Amino acid sequence: MSQTYMIVAEVRGGKLRQVSLETLHAAALAKGEGDRITAVLIGHQLAEFAQELSGYGVDQVVTADHAGLAHYNPDTYFAALSEMIDAVQPCAVFFGHTSTGRDLAPQVAALLGAGQISDVIALEKDSSGLVFTRPLYAGKAFEKKRFTQGPFVVTIRPNNISAAAAVPGSQAEIVQTAYVPAADLRSVVKDVVHKASGKVDLTEAKIVVSGGRGVKSQDGFKPLEQLAEVLNAAVGASRGACDAGYCDYALQIGQTGKVVTPEIYIACGISGAIQHLAGMSQSRIIIAINKDPDAPIFQVADYGIVGDLFEVVPLLTEEFKKA
Ligand code: FAD
């Protein structure tokens, strides 16, 4: 019998999040012959995004579109999603491992009485079904898990599973629910003020240029920002740099910050403490710039430059400008 896999897509900064397309691809890999995929979107003014999502080979797009859903609120989003789940009766719900996904997924798992596997970086099928891989101990080990019964809930870590490709000519049915947020909400989000001004989303960036205490001041981040601009990269930071007040905590990468898995991670003036590695060691290529040749970051780096970041970073920026 045909089953429905649900993916919860997100819109951010006026576009569909890359991780949502990766999550969609994960669901497509998981589903069996004849199974359906329903993509859901919750927010406001979603028509254009629903249309876009419908071109990625899904069977159905369901939206909850209301001014009261313009900002994420766990109460309203969960209520809207619960109605969608009730209508669709999915066998599995896939989220991006984003702050929204991490907040909603356990609530949905509880609602469905389902098992949950979080922070999935790969999935494969064997003779007994689906096997999900997730990192443990700050990426030092990997765990393979499977569900023994359905339904199930997973969250997909950004930048690990390739994004679904648009399917030319595909046009799924788009359904808008009649969901309206309740008038007596416990809390209402009035506005969201973005502190980090980076143009590229840190958790989804293909390249991250990251600064540590070695940048020495707020102004010390300028050469890193210039390099990031040329590479269309996001700027990140160690906790050392955040604690010293050189940058906002929104940039912090590591155990108590964000987890990033870009194609290229450029660590500038970062020593490579275990808590920092927890947030970036899964990056495909790590380039370290540090004036101390014994800095631990060189043990995880694919390429190392021993030198003063204030000399090396501007040189790199000039060279990349020429490319
Ligand atoms: P430092 O360790 O001081 O290193 C600075 C580096 O810059 C040095 O290697 C130095 O050689 C180099 N340098 C200096 N000047 C230059 C220059 N001109 N050119 C090139 N190199 C230069 N840390 C995180 O990053 N993320 C976390 O999420 C996190 N969570 C934590 C959670 C807990 C519970 C604890 C206890 C700690 C946590 N930490 C975290 C802190 C972590 O242990 C380190 O203290 C921190 O990562 C150090 O930051 P840093 O590498 O920028 O600074």
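Everything discussed here concerns the structure shown above.
Read on for a plain summary of the structure. Computed from a predicted structure; not experimentally measured.

Thresholds, definitions, all that
- Residue positions are counted from 1 within each chain, in the order its sequence is given.
- Selection of residues for local features in this predicted model requires a pLDDT of at least 70, selection of side-chain atom pairs for listing and counting requires 80 or more, and totals for whole chains, interfaces and linings are taken over all residues.
- Note that the side-chain values use all heavy atoms of the structure and ignore hydrogens as well as water.
- Only DSSP runs of H or I reaching four residues or more are called helices, and only runs of E reaching two or more are called strands; each is numbered from the N terminus.
- Whether two residues are in contact is decided by their heavy atoms: any pair within 4.5 Å suffices.
- Whether a residue is near a molecule or strand is decided by its heavy atoms; if any one of them lies within 4 Å of it, the residue is near.
- Here a polar contact means two N or O atoms within 3.5 Å. Within protein one must be a hydrogen donor candidate and the other an acceptor candidate, and residues neighboring in sequence count only if both atoms are side-chain atoms.
- We get accessible surface area from the Shrake-Rupley algorithm with a probe of 1.4 Å; when it comes to residues, only the shown protein chains can shield them.
- Buried residues of nine kinds, namely Ala, Val, Leu, Ile, Met, Phe, Trp, Tyr and Cys, make up a nonpolar core once their side-chain atoms join them within 4.5 Å.
- Throughout, exposure labels follow a simple rule: accessible area from a 1.4 Å probe, protein chains only, divided by the maximum for the residue type, with under 20% read as buried, over 50% as exposed, and the rest as partly exposed.
- Strands qualify as paired when DSSP identifies two bridges or more between them.
- An axis is simply a line fitted to the C-alpha atoms; with a helix, the fit covers only the stretch in contact. Between two such axes, the angle follows the N-to-C directions and lies from 0 to 180 degrees.

## Comments concerning the side chain of Ser 283
Part 1: Position of Ser 283 among the secondary structure elements: in the loop between α7 (274-280) and β16 (285-290).
Part 2: Each residue touching Ser 283, except ones within four places of it in the same chain, is listed here: Val 260, Thr 261, Pro 262 and Tyr 265.

## Digging into the site of the ligand
Part 1: Inspection of the region around the ligand gives 26 residues, with Arg 213, Ser 238, Thr 256, Ser 271 and Asn 290 positioned closest.
Part 2: Arg 213 is positioned with one of its backbone polar atoms (N or O) 2.7 Å from an oxygen atom of the ligand.
Part 3: The contact in question runs from a nitrogen atom of the ligand to an N or O atom on the side chain of Lys 216, over 2.8 Å.
Part 4: Relative to its unbound accessible area of 980 Å², the ligand is 76% covered by the protein chains.
Part 5: At the level of secondary structure, the elements contributing two or more residues to the shell around the ligand comprise α6 (239-243), α7 and α9 (309-322).

## Topic: the nonpolar core
Part 1: By size, the foremost hydrophobic cluster in this structure holds 34 residues, and its most contacted members are Tyr 5, Leu 53, Phe 94, Phe 132, Phe 152 and Val 154.
Part 2: For this core, the elements supplying multiple residues, two or more each, are β1 (4-9), α1 (18-30), β4 (36-43), α2 (47-53), β6 (92-96), β7 (115-120), β9 (129-136) and β11 (152-156).
Part 3: The leading source of residues in this core is α1, at five residues.
Part 4: If sequence neighbours within four positions are ignored, Phe 94 has contacts with Tyr 5, Met 6, Ile 7, Val 8, Thr 23, Ala 26, Ala 27, Ala 30, Phe 152, Val 154 and Ile 156.

## What about the sheet that holds strand β5 (residues 60-65)?
Part 1: The seven strands lie next to each other as β7-β11-β6-β1-β4-β5-β12, forming an open sheet whose pairing is parallel. The open sheet has two free edges, formed respectively by β7 and β12 (173-176), since each of these has just one partner strand. The average angle at which neighbouring strand axes cross in this sheet is 20 degrees, direction not considered.
Part 2: Bridging between β1 and β4 involves six bridges; their strand directions are parallel.

Structural measurements only, silent on function.
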